[in-house]
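Here is how the chains run, residue by residue.
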There are 2 protein chains.
Amino acid sequence: MPKPARGPTPSLVPRPVEISIRELKTHCMNCSVRELCLPVGVDQDGMRQLDSLVSERMHVKKGDAIYRAGDPFVSLFAIRVGSCKSTVLGEKGYEQVSGYHMMGDIVGLDGIGSGQHGGEAVALEDTEVCVLPFHRLEDLARQVHSLLHNMHRILSREIGRDENVMLMLGSMRAEERLAVFLLGLAKRYRERGYSETEFVLRLTRADIGSYLGLTLETISRLLSRFQASGLLQVQGRVVKLLDLTALKELAGQRF
Amino acid sequence: MPKPARGPTPSLVPRPVEISIRELKTHCMNCSVRELCLPVGVDQDGMRQLDSLVSERMHVKKGDAIYRAGDPFVSLFAIRVGSCKSTVLGEKGYEQVSGYHMMGDIVGLDGIGSGQHGGEAVALEDTEVCVLPFHRLEDLARQVHSLLHNMHRILSREIGRDENVMLMLGSMRAEERLAVFLLGLAKRYRERGYSETEFVLRLTRADIGSYLGLTLETISRLLSRFQASGLLQVQGRVVKLLDLTALKELAGQRF
DNA sequence: GCCGAGTCTTGACATGCGTCAATGAAGACG
DNA sequence: CGTCTTCATTGACGCATGTCAAGACTCGGC
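The model shown is predicted, which means the values in this text are computed figures rather than measured ones. (Residues numbered from 1 in each chain as written. Chains lettered and ligands numbered in written order. Predicted model: local features only at pLDDT ≥ 70, side-chain atom pairs only at ≥ 80, totals over all residues.)

S.K.: Just checking my understanding: could you explain the protein's contact with DNA strand C for this structure?
M.R.: The environment of DNA strand C is formed by 19 residues, the closest being Arg173 and Thr218 of chain A together with Thr204, Ser220 and Ser224 of chain B. Breaking the surface near DNA strand C down by element, the ones donating at least two residues are helix 8 (216–228) of chain A together with helix 7 (205–212) and helix 8 (216–228) of chain B. Grouping the amino acids of the surface near DNA strand C by side-chain chemistry returns 6 nonpolar, 7 polar and 6 charged. (Near = placed C-beta within 6 Å. Helix = DSSP H or I, 4+ residues; strand = E, 2+ residues; numbered from the N terminus. Nonpolar A, V, L, I, M, F, W, Y, C, P; charged D, E, K, R; others polar.)

Have a look at this one:
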């Protein structure tokens, strides 16, 4: 599964002198997304142990899969830099985008129960993920209280998110869905310290459509219409939200 | 698995003398759904501890809520007998049925992450649930290996289920959705030892419609049409599936 | 055993979004 | 720098499903 690590794996126990930037960067303790990822609230000692469990960091090229449907479930993956989409597969040939994930998100959660991945995760740009062997993570979590708690929070929040998507797919009309989607992106970019009004859509129109249960043509038309009514500005994949209030209105005050 | 025992449940460990029927029945070890619930694979000792943690068993009347939107999250609930529906709430007044749960299912999972319930669970018939205080459950799970594993399996499977619903809502047409829904019910009844071809829909047409992202009229029409083409027989809420093969065909070989 | 509220069925009609198609813009790659 | 492929836009049209409405059935409660 994982690609072989490129360079020498950084040592886990802090070494006396010389610590390379690379070493610093590849530890949870120094990771820029630690506040959004597994280590939230975990103490230094726990974090060190967590670090020692991250045996490997994978570099995934744009378009490559982090895991594929049917792969045996071994590890979870934490996104360090980059982003990916996850998909579910139905047996009739259906395939649907089930999520868009960015820095700090954990992917692969669907595999725990069944022992194999039910869909795939594909990098949308060059991406780096931490590989978290699940068994060892579970073991560690039994000792580190806060880590177990975080695992449960992450699993449960995924359920909550999925249920909101269900609500969207089941009850909302096309323009509401798109508004919710855009505001959701905005919020997540804000949480990560980026502009909430100006960002790049890493998903194609087709992917967005798939995620929202619509066609790519509908997405395209809606974006044009939103632009025409001054809600936003769109140029290819670059979006600038101009009227958050109106968007929220459309989305049903959801944000 | 066994139909709800009428008479006294046969004890598993032959005990010396007098144990009341009620006592026997209200222990995980003797529960008719233990193979579908939290205790799967948990050893006797673990199960005893699990039992001692179930401080309370709630009797919920038809139409009453097990928990409501906004309730602080304290416990999970395991359904012992009966069934319920769960709903998600959107802020624009949207409400959608997000699940149908029967014996052995655990409900309330959405609350773990946020600390409060995002929707409600309403009993569809007189129902009995085991109350599982989550903090104590987490504590116990840290000691009982298999229990932690089950918790994770249950959480992950919920994610998988939700993703399949997303797939359904996003990609399938009305008749496919209904076929998938009916076959899903059939499978779950079979797993619980009931007939997979003949059962009672505990959900109203409106609830089914809400769950499937359709209107109650569409559900009604589809059921009539399925009946007309000999796929099933329907009389109010009693359904008899006549042609599983054809239904599976419709559902895309999903079962 | 009857009444009333909730549930279900069926029809007629409206419409939002999908489908098909043609063209244009933008990245990727040598 | 140009060519190829993927991605995006826009229009015309049709259909699946929603909406509205009227009436029938069912079941719990008195």
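S.K.: Help me understand the sheet that holds strand 10 (residues 232–235) of chain A, please; the structure alone is not making it clear to me.
M.R.: By definition, the strands of a sheet pair up through backbone hydrogen bonds, in either a parallel or an antiparallel sense. Residue and element names in this part refer to chain A. Pairing within the open sheet is antiparallel, and its 3 strands lie in the order 9-11-10. Edge positions in the sheet fall to strand 9 (198–200) and strand 10, since each has one partner strand and no second. Each strand of the sheet is rotated relative to its neighbour by a mean of 15 degrees, with strand direction disregarded. As paired strands, strand 9 and strand 11 (residues 238–241) are joined by 3 bridges and run antiparallel to one another. Paired with Val200 across the two strands is Val238, which belongs to strand 11. (Pairing = 2+ DSSP bridges. Axes fitted to C-alpha atoms, helices over the stretch in contact; angles between N-to-C directions.)

S.K.: Any chance you could explain the protein's contact with DNA strand D here in plain terms?
M.R.: For DNA strand D, the set of nearby residues contains 19 residues, the closest of which are Thr204, Ser220 and Ser224 of chain A together with Arg173 and Thr218 of chain B. Those elements that provide at least two residues to the surface near DNA strand D are helix 7 (205–212) and helix 8 of chain A together with helix 8 of chain B. Taken together, the residues of the surface near DNA strand D sort by class into 6 nonpolar, 7 polar and 6 charged.

S.K.: Honestly, the relation of the copies chain A and chain B in this entry has me stumped. Any pointers?
M.R.: The relation between the two chain copies is a rotation about an axis coupled with a shift along that axis. Note on the copies: chain A fits chain B at an RMSD of 0.0 Å, the axial shift is 0.0 Å, and the rotation between them is 180 degrees. In symmetry terms, the pair is related by a two-fold rotation axis. The rotation axis passes nearest to the C-alpha of Arg142 of chain A in chain A, at a distance of 2.4 Å. (Least-squares fit on C-alpha atoms with pLDDT ≥ 70 in both.)

S.K.: Explain the interface of chain A and chain B to me, please; I cannot follow it from the model alone.
M.R.: Bring the parts together and some accessible area is lost; that lost area is often taken as the interface size. Listed per partner, the contact involves 37 residues of chain A and 37 residues of chain B. Of all the secondary-structure elements, those providing two or more residues to the side of chain A that touches chain B are strand 5 (95–102), helix 3 (111–114), helix 4 (134–143) and helix 5 (145–171) of chain A. Ranked by residue count, the leading element in the side of chain A that touches chain B is helix 5 of chain A, at 18 residues. Across the side of chain A that touches chain B, the residue classes break down as 11 nonpolar, 15 polar and 11 charged. (Contact = placed C-beta atoms within 7 Å.)

S.K.: I'm lost on the sheet that holds strand 2 (residues 65–67) of chain B in this one. Help?
M.R.: Residues and elements named next belong to chain B. Spatial strand order, 2-7-4-5: 4 strands in an open sheet with antiparallel pairing. With partners counted over all chains shown, the strands left at the sheet margins are strand 2 and strand 5 (95–102), one partner each. Ignoring strand direction, the axes of neighbouring strands in this sheet form an average angle of 30 degrees. With 2 bridges joining them, strand 2 and strand 7 (residues 119–123) adopt antiparallel strand pairing. Of the residues in strand 7, the one forming a bridge with Ala65 is Val122.

S.K.: Explain the packing of helix 6 (residues 174–191) of chain A against helix 9 (residues 244–251) of chain A here, please?
M.R.: The relative placement of two packed helices is expressed as an angle between their axes plus a distance between the axes. All names here are of chain A. Running from amino to carboxyl end, helix 6 crosses helix 9 at an angle of 130 degrees, the nearest separation of the two axes being 8 Å. In this view, helix 6 runs oblique relative to helix 9, as classed from their interaxial angle. You can see that helix 6 and helix 9 cross each other, and the crossing is left-handed. The segment helix 6 lies against helix 9, with Glu175, Glu176, Ala179, Val180, Leu182 and Leu183 engaging Leu247, Lys248, Leu250 and Ala251. For the contact of helix 6 with helix 9, the residue count by class is 7 nonpolar, no polar and 3 charged. (Parallel < 35°, antiparallel > 145°, perpendicular 65-115°, else oblique. Left-handed = near helix turned anticlockwise from the far one by under 90°.)

S.K.: In this structure, what is going on with helix 8 of chain B? I would like to understand it.
M.R.: Note that an α-helix has 3.6 residues per turn; residues three or four places apart therefore point the same way. Residues and elements named next belong to chain B. Helix length check: helix 8 (13 residues) gives 18 Å between terminal C-alpha atoms against 18 Å at 1.5 Å per residue, within 8%. Buried within helix 8 we find Ile219, Leu222, Leu223 and Phe226. With its buried residues spanning 100 degrees around the axis, helix 8 presents them on a single face. Set apart from the buried face of helix 8 by more than 90 degrees, the exposed residues are Glu217, Ser224, Arg225 and Ala228. Buried positions along helix 8 lie against helix 6 (174–191), helix 7 and strand 10 (232–235). Phi turns positive, to about 75 degrees, at Gly230, one or two residues after helix 8. (Expected span 1.5 Å × (residues − 1). Buried ≥ 20, exposed ≤ 12 C-beta atoms within 10 Å, placed from the backbone. Arc of directions from axis to C-beta.)

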